[in-house]
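Each chain, letter by letter, is given below.
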Amino acid sequence: MGEGGGEGTVVTPAAEFPPLGPEELGSLRRIGERWQVTRPDRPGPAGELPVDPTLGRYRRRPLPSRFGRLAPIEMFQAGEPDELVATEPANLPGSRLGRGLGRLRRVLLGPPLSSAAVLYERMRKLVALPVLSSDLLSSVAYGPEAMLTVLVLAGGAALGLSLPLGALLVLLMVAVGISYRQTIPAYPHGAGSYIVAGDNLGTGAGLAAAAGLMIDYVLTVSVSVSAGIHAVTSALPGLTGLAVPLGVLMIAVLLAGNLRGVRTAGNIFVLPTYAFVVALLAVLGVGFLRAAGRGFAVLPPPDVPVAEGLGLLLVLRAFSSGAVSMTGIEAVSNAVPAFRPPEWRNARTTLSWMVAMLVVLFAGIVVLIHLNGLAPRPGETMLSQLARSSFPTGPWYALVQAATALILLLAANTAFNDFPRLLFFMARAGHAPRRFLHMGDRLAFGNGLVALSVTAALVFLAFGGHTEALIPLYAVGVFLAFTLSQAGMVVHWRRRRGPRWGRRLAVNALGATLSGLVLLTAAVAKFAEGAWVVVVAVPLLVLLFHRVQRHYRRLDGALAPRPPGTPSASPGPSLPAEGQEVPQQIRHLVVVPVARLNRASLRALAYAASLGQPTLAVHLAPNEEEADRFRGQWEAWGDHLRLETIVSPYRAVIGPLAHYLEALHASRADLVLTVIVPEVVLRHPWHRPLHSQVERRLRRALRELAGVVVTSVPVHLPG
């Protein structure tokens, strides 16, 4: 695929309804040719329908009646020929409680959006930049500190290594950023590492990249919220005891904001990101001016006791810890379809801006910390110390801390944009539950958003909201996805060639090499600190994805239309009941379980007899006396249908009836047993404990039997 290739976005509300393939369509035509039923809306023996299926589509607009001043609401309106369109009021529930909850939901999340509005829910560059860069830019608030926290273990003198390590990290940022710039036009449909690695390295590599990304996104939410709450408690120590509940509340707020839709969520999170960038640039500008005033003399760091010898392993741990400043750099390549057209070009421009801002902020913070001789200390973040040194008086320190806390809390929004989209692409390939294909009424992937929020909240609670405990888990998943994505692009250029393919291959090869080194470093150096969790979780997730796809393959194979084996319908017991796809092949037996002859059971018997199929009534009695008594009642009724009584001496109902029906079906596998269950519909939930609920239990038991159709005939209680 060349630059800007592709046919536009594949993220549409219709994605959960995939079209049939040519083979399935051919089978469908062959099956349809054997049907011997005339459509009732066309001339033929079946006649006309007893109702107008258009619901009076062509009638005039409803007028007020003399009993009401308001005209009835139109629930459906005419669309294309042979098509009705449900209006917004048709989505409202019928109960009073349901309508109240619907109004509350509308207040919190906004009114529903039409499927046609999906094109207008995309982001322009100035909105996409803060939405997708909040994670990347906010990571400079804790990435440099994570690197220095490891270096300081070797004493204050080891802090000088922050400059060469920072330079290496800047080189890594630029290399990976350029690599992802090449990925975007080559794969303009998004999904980044998952699609790229799967396309070029195989399904296993793609799923490993997806597992790494999923862990990355979950930890992005947990780490961002944790760091944001830490920034708040640094400025307001009195809130330290409320850190965990405040973090969970923040995750809930982020969920609600993103359920409102991509564009609305983007507008909410624009200002905090830009405010953070301006605040950080102010800190750096004032800090460097102060350093220039003393001739850029480096202030001595505080005396810190040596806790660990300075060696290669410690340096590698510090480098991999500082590399978490790059988390979120892949966000744009995963969310290309969220941009306005031309999607790939706008996404690539946004990524360039993001990487440039990241390099400036990260390098500036590392250098300024070195010039000011600052060192990590408990109770206050490095960024807070830096802000105090730049603004020792006045309200500016508080403003910087507020902006930092806000972007750290909202940085998780990047994951809220990308995690559901990744699940969408995985579900489309069958590697994740298909419910993640569904777009909610605000055109947001609500199921994916809820899954991310719940998982991130559990991780946050499990680690008590401590950022330091989560960092070791972070780098492995992030750089696994980076490495596989860039390695996949190397294979992509080798296959596709094209203009300047050698230079592009070299750039991606460099990105893959550097990312792979960080991955190995983080996995080895931080294995005992918690990285082992990710090392174990990734293969387990890949195995889970394979099992999910295997289930869907079996499901699709079982449900795919099969061409008939013979050219004409051949009635008889040649096919099992669940293999009959032509009406004239189906042989019915209607079974009505009857406990007592009352209005509910009589209505079910009348309904069964009206179908014109062989019908059998079944009664279970606890002893012979009750069986004889019921047969007498049956004869008094008129003995209109065949009755079979079963004596259940142990007084069980569900088990004997289910086994009896299974035995009936086993004797004639071609029979379709239609079990019609009389059911009393209770008006209030508190009435349910007053009844045995035998009908529902029976339906649940019979649903497991193959070749058995279970339906109910409801009788509603008056009043």
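Placed above this text is the structure.
Okay, so let's go over this structure. (Residues numbered from 1 in each chain as written. Predicted model: local features only at pLDDT ≥ 70, side-chain atom pairs only at ≥ 80, totals over all residues. Heavy atoms only, no water.)

### Some thoughts on the overall build of the protein
Then comes step 1: Within the protein, the secondary structure is distributed over 23 helices and seven strands.
Then comes step 2: Look at the contacts in the protein between residues 6 or more apart in sequence, and 79% of them connect residues 24 or more apart. (Helix = DSSP H or I, 4+ residues; strand = E, 2+ residues; numbered from the N terminus. Contact = heavy atoms within 4.5 Å.)

### Details of the pairing of strand β4 (residues 615-621)
Then comes step 1: Across the seven residues that make up β4, a large majority, seven, are buried.
Then comes step 2: Burial of the side chains of β4 extends over both faces: Thr615, Ala617, His619 and Ala621 are buried on one face and Leu616, Val618 and Leu620 on the other.
Then comes step 3: Sheet topology places strand β3 (residues 587-593) next to β4; four bridges connect them, and they run parallel. Within β4, the position partnered with Val592 by the bridge is Ala617.
Then comes step 4: Both β4 and strand β5 (residues 642-647) contribute to a ladder of six bridges, which runs parallel. Residue pairing for β5: Ala617 is matched across the bridge by Leu643.
Then comes step 5: Assessed by its sense of winding, the connection that carries the chain from β4 through helix α21 (residues 624-637) to β5 is right-handed. (Buried < 20%, exposed > 50% of the residue type's maximum accessible area, 1.4 Å probe, protein only. Pairing = 2+ DSSP bridges. Right-handed = clockwise from strand over helix to strand, strands pointing away.)

### Regarding the nonpolar core
Across soluble globular proteins, nonpolar side chains have a tendency to be buried as a group.
Then comes step 1: Judged by nonpolar contacts, the single largest core of 141 residues is most densely connected at Val221, Val225, Met426 and Phe479.
Then comes step 2: It is helix α7 (residues 203-235) that contributes the most residues to this core, 18 residues altogether.
Then comes step 3: Setting aside residues up to four positions removed in sequence, Val221 forms contacts with Ile251, Ala412, Ala415, Phe416, Leu452 and Ala456.
Then comes step 4: Counting 18 residues, the second largest nonpolar core, distinct from the first, contains Ile646, Leu657, Ala658 and Val677. (Core = buried A, V, L, I, M, F, W, Y, C linked by side-chain atoms within 4.5 Å.)

### Concerning the pairing of β3
Then comes step 1: Extensive coverage of β3 is indicated by the burial of five of its seven residues.
Then comes step 2: Across five bridges, β3 lies against strand β6 (residues 671-681) in parallel orientation. In the strand pairing of β6, Leu589 is matched with Leu673.
Then comes step 3: A crossover links β3 with its parallel partner β4, the connecting element being helix α20 (residues 599-610), and its sense is right-handed.

### So, a nonpolar patch on the surface
Then comes step 1: Among the surface-exposed residues, Phe527, Trp532, Val533, Val535, Val536 and Leu540 lie close enough to one another that they form a single nonpolar patch of about 520 Å² accessible area.
Then comes step 2: Mapping Trp532 onto the fold places it in helix α19 (residues 527-559).
Then comes step 3: Residue class for Trp532 comes out partly exposed when judged on its relative accessible area of 43%. (Patch = residues over 30% accessible without salt bridge, like charges linked within 9 Å, V, L, I, M, F, W, Y side chains within 5 Å. Areas by Shrake-Rupley, 256 points an atom, 1.4 Å probe, with all protein chains shown as cover. Salt bridge = Lys/Arg side-chain N within 4 Å of Asp/Glu carboxyl O.)

### Digging into helix α8 (residues 243-259)
Then comes step 1: An ideal rise of 1.5 Å per residue puts 24 Å on 17 residues; α8 measures up with 25 Å between its terminal C-alpha atoms.
Then comes step 2: For α8, the complete set of buried residues consists of Gly247, Met250, Ile251, Leu254, Leu255, Gly257 and Asn258. In an axial view of α8, the angular spread of the buried residues amounts to 165 degrees, which keeps them on one side of the axis.
Then comes step 3: Trailing α8 by a residue or two, Gly261 shows a phi angle of about 115 degrees, which is positive. (Expected span 1.5 Å × (residues − 1). Arc of directions from axis to C-beta.)

### Notes on the packing of α7 against α8
Each pair of packed helices gets described by two things: the angle between the helix axes and the distance between those axes.
Then comes step 1: Orientation of α7 relative to α8, taken along the N-to-C sense of each, is 125 degrees, at an axis distance of 10 Å. When the interaxial angle is binned, α7 and α8 end up oblique. Considering only the axes of α7 and α8, their crossing is right-handed. Note on element contacts: α8 touches α7 through Ala243, Leu246, Gly247, Met250, Ile251 and Leu254, opposite Val221, Val225 and Ile229.
Then comes step 2: A per-class count over the contact of α7 with α8 returns eight nonpolar, one polar and no charged. (Axes fitted to C-alpha atoms, helices over the stretch in contact; angles between N-to-C directions. Parallel < 35°, antiparallel > 145°, perpendicular 65-115°, else oblique. Left-handed = near helix turned anticlockwise from the far one by under 90°. Nonpolar A, V, L, I, M, F, W, Y, C, P; charged D, E, K, R; others polar.)

### Some remarks on the environment of Leu410
Then comes step 1: Relative to the elements of secondary structure, Leu410 occurs in helix α14 (residues 396-410).
Then comes step 2: For Leu410 and Pro272, which are 138 residues apart along the polypeptide, the C-alpha to C-alpha distance reads 7.9 Å.

### So, a positive patch on the surface
Then comes step 1: A surface patch of like charges, here positive, comprises Arg547, Arg550, Arg553 and Arg554.
Then comes step 2: Relative to the assigned elements, Arg550 resides in helix α19. (Lys, Arg positive; Asp, Glu negative; His and termini not counted. Charge placed at Lys NZ, Arg CZ, Asp CG, Glu CD.)

### Quick notes on the packing of aromatic side chains
Then comes step 1: One pass over the structure, following the stated rule, counts seven aromatic pairs.
Then comes step 2: The interplanar angle of 40 degrees and the centroid separation of 5.1 Å between the aromatic rings of Phe424 and Phe445 together place this pair among those described as tilted. With Phe424 in helix α15 (residues 413-428) and Phe445 in the loop between α15 and α16 (446-462), this pair connects stretches of sequence that are 21 residues apart. In this pair, the class of Phe424 matches that of Phe445, namely buried.
Then comes step 3: The structure contains a cluster of three or more aromatic residues connected by ring pairs, namely Tyr180, Phe479 and Phe482.
Then comes step 4: The side chain of Arg497 reaches across the aromatic face of Trp501, ending 4.1 Å from its centre. (Phe/Tyr/Trp six-rings, centres within 6.5 Å; stacked < 30°, edge-to-face > 60°. Lys NZ or Arg CZ within 6 Å of the ring centre and 35° of its normal.)

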